[in-house]
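This is what each chain is made of:
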Amino acid sequence: MVKKITQKLYIALMFIFLYAPIAVLIVLSFNKSKSRAKWGGFTLQWYKELFANQQIMNALYTTLVLALVSALVATIIGTAASIAMNSMRRSPRTIMMGITNIPMLNADIVTGISLMLIFVAINYTLGFTSVLIAHITFNIPYVILSVMPKLKQTNKSTYEAALDLGASHMYAFRTVILPDIFSGIMSGFLLAFTMSLDDFIITHFTKGPGVNTLSTKIYTEVRKGIKPEMYALSTLLFVSVLTLLILINRTPSEEKINKRLKKKAVQKESNSKFRIFKPAIILIVIAALIVGSFAGMKTTSGKNTLNVYNWGEYIDPEVITMFEKETGIDVVYDEFEMNEEMYSKVETGAVKYDVVCPSDYTIQRMIEADLLAELNYDNIPNIKYIGKDYLQSAEAFDPGNKYAIPYCWGTVGILYNKTMVDEPIDSWSAIFDEKYKNNILMINSVRDAMGIALKYLGYSLNSTDRDELEEATNLLKEQKPLVQSYVVDQVRDKMIGNNAAIGIIYSGEAIYTRRENPDLEYVVPKEGSNIWIDGWVIPKNSENKENAEKFINFLCRPDIALLNFDYITYSTPNTAARDLIEDEDIRNSTIAFPDSATISNCETFKYLGDAMTAYYDDKWREVLSQ
C-alpha cells in the first residue's frame, strides 16, 4: 500500500515538475498585464498581436521552411552517402563512419563557429542560404546514423537476384532495397527535421540580416524581456504538438481497421501507377519551398536596400514602415543583444551592415579599430535637432562627433519601493546596508556593477587603477550575502511584484515600472552614476552609405524621434521631439530628463582596452564565484 502511494506520489511530482511551467506559460498567455508578477484579467489580445506581429510570423515561416528543406536535402544526400559507404570494404567504411560521427560528437558552438569562419574565408555573405547550407551539413550525419543500420540488415542476395533476372540497378534498388530501408530514411528525415527545428547555436553564427528562426527570436526576447506574444506562440505550439500526439496514438476500432484494409486493397492497383510520379512530386515540392523561402524574404544587397543592426525592441516598427514608404528603400532589420556580439560580426565582415546602433564605449572601440566610416553631415541636416549638450557628452567617446549620432540615452540608478524602505534613498550606500538583506536586486553586468562600487568609493567608473579595482571587488564581495539575486531585465517584474525593496535599473525601465506600480521611486545616487548614450554609426564596409545617412537623418526628425520615444521609453537627445511630448509629467520627468546637476555628476563608459576589459571580467567572476 505504501509502495503504491509512493509510486503515485512520485509520478504526480514528476508531472508537476514537467508541466507546471507549461501551465504557468499558458495562463500568462491570457494575462492582460504585460507583467508576469501581476494578473490584469483575461484577454485574447496577445494572440491577436501574435498573428499581427510580422517579425514573429516571419520567424515561424523561416523556421518551418528551413527545417523542411534542410531535412529533405540532408535525407537525400545522407541516404546516398549511406549506400556508398555500405558498398565499401570494412576498413574504409569504419573510417568514413568515424568521420561522419565527428559533427554529432562535436560541441554545436564549435560547428557553428567553424561554418561561419568557412563562409567568411570564401567571402560568402551570410544570409538565408548560409543557414540552409549549415543545417544541411549538420543534419547529414543524423540521416546516415538512421539509414546505415537498415542497410546492414538488407539481404544483398535478393538485390543481386533481381539484377540476374534482368532488372536495372535503379529498378532493383527501388523495389528491393528501398522498401527495406524506408523506415530508416523516414527516421533520418524526422530526426533531421527536429534537429533543424530546435537549433539555435549554428543558426546564430551563420545567419545574416533579416534572417530569424523561432529559436533566435525567442533568445532575443529572453535577453530583453519576453513579450506576451511569445507566451501565446508557445501555447499554440504546445497545443499543436499535444493534439498531434493524441491523434497519432489514438487506437482505431477493429471495424475501422477492416474498412481501411478493404479500401487499401481496392486502391492498390491505382496507387501503383501513382508511384511513378512520386519522385517528381517530391522534387516539385522541394523546389516550391526553396523558391517560396526566397520570395518571402527581402534581399540584403542592392542600391535600394538598407541593412540595419539594432538592439531588440529599440525602434518603433511603424517608423521603419514610414521610412520605406517615403524613400522607397527596403529595410532589412536585424537585432543583437550585446555590444560584444555586434562588434564581432562587424569586425569579421561576415555580414555587411549599413547602419548599426552600438553603445558609447563600443563606438570608441570601433573607432580605434578603424571599423567606422565618417559621417557626411550634408546628408544629415536634421542633426540640428540633437541637443548640443548630448553631442558634447558624445565627444567623450567620439571626438568631434565624426562617427556617431546620439539616438537614446539614460542613467543607471536605484529603484526602490517606498513602502519597504525606512526613508527616501539618495545614496549607493543603501545597496550595501545590512538592513535590506535579501531585499536587494543587484545588476548582473560587470561594468555597471564595478562602476557602482567605484563611484560609491569616490573613484571614476572608468578606473584602471588595480588597487581601486581591488577595493571595489572586495566591496562587492561583502555585498553578496545581502543580494537576493543578480538580474538585468528580471528586475522589472520583481520590483513591480513587490518581491524586493531595492533594485538597480536603467532609467527607461524605471519609467515603465513606475507606471505599473506607483509605490516605486527612481533615483540617481548623489555619488554619481553612469550616463550611457547609444548612437547610430555606419560601418566602413557598408555598401549603402547614402541610404544609411538618409535613415539616420529620418530618425533625427522630431516627429519620428517622438514616435520612438513613446515606443521604447528611453530618453531622446532630440530636444525638438521632447517639446512635442503632450504628457507634461513625462516631458518634465526627472527620470527621463534629469537636470544638469545630475548629468554633470555622471560619467560615460569608455573602452579600456582588451587587457583591462579582461581584468574587469576576472574581478567580476571573483565576486560571483565566492
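Throughout this document, residue positions are counted from 1 along each chain, in the order its sequence is written. Confidence filtering applies because this is a predicted model: local features only for residues at pLDDT of at least 70, side-chain atom pairs given and counted only at 80 or more, and all residues used for totals across whole chains, interfaces and linings. By convention in this description, side-chain values take in all heavy atoms of the structure and omit both hydrogens and water.

Draft legend 1. Broad picture of the overall build of the protein chain. Broken down by element type, the protein chain carries 27 helices and nine strands. The buried share of the protein chain, taken over its 626 residues, is 46%. Any two residues whose heavy atoms approach within 4.5 Å at even a single point are treated as in contact. The contacts in the protein chain between residues at least 6 apart in sequence include a share of 75% that link residues at least 24 apart. Note on areas: Shrake-Rupley with a 1.4 Å probe; residue coverage comes only from the protein chains shown. Put simply, the protein chain shows about 31,700 Å² of open surface, and 59% of that area lies on carbon and sulfur atoms. Under the DSSP-based scheme used, a helix requires at least four consecutive residues in state H or I and a strand at least two consecutive residues in state E, with every element numbered from the N terminus. We call a residue buried when its accessible area falls under 20% of the maximum for its residue type, exposed when it is over 50%, and partly exposed in between, using a 1.4 Å probe and counting protein chains only.

Draft legend 2. Summary view of the confidence of the model for the protein chain. In predicted models, pLDDT denotes the confidence assigned by the predictor to each residue on a 0 to 100 scale. When pLDDT is averaged along the protein chain, the result is 84; 87% of the residues meet or exceed 70. Within the model, the stretch residues 268-277 combines pLDDT values under 50 with one contact to residues more than four positions away or in other chains.

Draft legend 3. View of helix α5 (residues 108-121). In a regular helix each residue adds 1.5 Å, so 14 residues correspond to 20 Å; α5 covers 20 Å between its end C-alpha atoms and thus fits that length. Turning to α5, its buried residues are T111, G112, L115, M116 and F119. For α5, the buried positions fall inside an angular range of 130° around the axis, keeping them on one side. Turning to α5, the residues buried within the fold contact α4 (90-105), α6 (128-153) and α9 (201-206). Take the number of residues in a helix, subtract one, and multiply by 1.5 Å to get its expected span. Regarding the arc, it is the one traced by the directions from the helix axis to the C-beta atoms.

Draft legend 4. Focus on the nonpolar core. The term nonpolar core refers to a set of buried residues drawn from Ala, Val, Leu, Ile, Met, Phe, Trp, Tyr and Cys, joined through side-chain atoms within 4.5 Å. In this structure, I431 and I502 are the most contacted members of the largest nonpolar core, which totals 121 residues. Examining the composition of this core, we find that eight residues originate from one element, strand β4 (residues 405-417), more than from any other. When near neighbours in sequence (up to four residues on either side) are disregarded, I431 contacts I414, I440, M442, I452, Q479, L482, I502 and I504. Among the nonpolar cores identified, the runner-up in size contains 24 residues, and V65, L72, I177 and I185 belong to it.

Draft legend 5. Seen up close, the sheet that holds strand β3 (residues 355-356). Spatially, β2-β1-β3 is the arrangement adopted by the three strands of the open sheet, whose pairing is parallel. For this open sheet the edge positions go to β2 (330-336) and β3, each flanked by a neighbour on one side alone. Should DSSP find at least two bridges between two strands, the strands are taken to pair. Inspection of the sheet shows strand β1 (residues 305-311) paired to β3 by two bridges, in the parallel sense. Looking across to β3, one finds that Y309 is bridged to V356.

Draft legend 6. Summary view of the pattern of salt bridges. What counts as a salt bridge is simple: a side-chain nitrogen of Lys or Arg found within 4 Å of a carboxyl oxygen of Asp or Glu. Enumeration according to the criterion identifies 15 salt bridges in this entry. Notably, a salt bridge pairs E622 with K477, separated by 3.1 Å at the nearest N-O pair. On the criterion of sequence distance, the pair formed by E622 in helix α27 (residues 610-625) and K477 in helix α19 (residues 466-479) is long-range, its members being 145 residues apart. Each of the salt bridges in this network shares a partner with another, and the network as a whole consists of E470, K477, K619 and E622.

Draft legend 7. Inspection of unusual backbone geometry at higher detail. In this model, N438 sits at a positive phi of 65°, which is unusual for a non-glycine residue. A residue is classified by how much of its surface remains accessible, and N438, at 44% relative accessible area, is partly exposed.

Draft legend 8. Up close: the pairing of β2. Counting buried residues along β2, six of its seven residues qualify, which places the element largely inside the surrounding structure. Across seven bridges, β1 lies against β2 in parallel orientation. Residue pairing across strands places V308 opposite Y333, the latter belonging to β2. Convention used here: a crossover is right-handed provided that the path from the first strand, over the helix, to the second strand proceeds clockwise when the strands point away from the viewer. Between the parallel pair β1 and β2, the chain is carried across by helix α14 (residues 317-327), and the sense of this crossover is right-handed.

Draft legend 9. Inspection of a nonpolar patch on the surface at higher detail. Here, patches come from residues exposed beyond 30% relative accessible area and free of salt bridges, joined within 9 Å for like charges and within 5 Å for nonpolar side chains (Val, Leu, Ile, Met, Phe, Trp, Tyr). A cluster of nonpolar side chains, Y10, I11, M14, F15, F17, L18 and Y19, forms an exposed patch at the surface whose accessible area comes to about 770 Å². Looking at where Y19 falls in the secondary structure, it is placed in helix α1 (residues 2-28). When its relative accessible area of 41% is taken as the criterion, Y19 is described as partly exposed.

Draft legend 10. Seen up close, the environment of R93. Looking at the secondary structure, you find R93 in helix α4. Judged by its relative accessible area of 21%, R93 falls in the partly exposed class. In the structure, R93 is positioned 11 residues away from S82 in sequence and 9.7 Å away in space, judged by C-alpha atoms. With sequence-adjacent residues up to four places away left out, R93 is seen in contact with M85, N86, M88 and M148. Any N or O atom pair separated by 3.5 Å or less is treated as a polar contact, with the protein-specific requirement of one donor-capable and one acceptor-capable atom, and with residues adjacent in sequence counted only for side-chain atom pairs. Side-chain polar atoms of R93 contact the backbone oxygen of M88, separated by 2.9 Å.

Draft legend 11. Molecular detail of empty space enclosed by the protein. For each structure, a 1 Å grid was placed over the protein atoms alone; sets of points admitting a 1.4 Å probe that cannot get out are labelled cavities, open sets with protein on both sides within 12 Å along at least five of seven lines are labelled pockets, and lining residues have an atom within 4 Å of a point. Grid points are joined across faces, edges and corners, and a volume is the space filled by probe spheres set on the points. Considering all chains together, one arrives at four cavities of 30 Å³ or more under this definition. For the largest cavity, the calculated volume is near 110 Å³. Forming the walls of the largest cavity are 17 residues, and the residues nearest its centre are Y407, L555, A561, T572 and P573. Elements represented by at least two residues in the lining of the largest cavity include exactly β4, α22 (545-555) and α23 (558-568).

Draft legend 12. Region of the structure containing α14. Among all positions of α14, only V319, I320, F323 and E324 are buried. All buried residues of α14 project into a common sector of 135° when viewed along the axis, lining one side. Tucked inside the fold, the buried residues of α14 contact β1, β2, α22 and α23. For α14, the N-terminal cap is D316; the gap from its side-chain oxygen to the backbone nitrogen of E318 is 3.0 Å. Trailing α14 by a residue or two, G328 shows a phi angle of about 75°, which is positive.

Draft legend 13. Summary view of the side chain of N574. Here N574 shows up in the loop between α23 and α24 (575-579). Looking at N574, its side chain comes within polar contact range of the main-chain nitrogen of A576, at 3.3 Å. Among all residues touching N574, those that are not within four sequence positions of it are Y385, I386, C556, R557, P558 and A561.

Draft legend 14. Spotlight on the packing of helix α18 (residues 446-456) against α27. Across the interface, α18 lies against α27 with an axial gap of 10 Å and an inter-helix angle of 80°. In terms of their interaxial angle, α18 and α27 are classed as roughly perpendicular. Contacts between α18 and α27 involve V446, R447, A449, M450 and L454 from the former and Y616, D617, K619 and W620 from the latter. Across the contact of α18 with α27, the residue classes tally to six nonpolar, no polar and three charged. Orientation is described by axes fitted as lines to C-alpha atoms, over the contacting stretch for helices, and by angles from 0 to 180 degrees between their N-to-C directions. Under this scheme an angle from 65 to 115 degrees is roughly perpendicular, one under 35 degrees roughly parallel, and one over 145 degrees roughly antiparallel; angles in between are oblique. Each residue receives one of three labels: charged for Asp, Glu, Lys and Arg, nonpolar for Ala, Val, Leu, Ile, Met, Phe, Trp, Tyr, Cys and Pro, and polar for the others, Gly being one of them.

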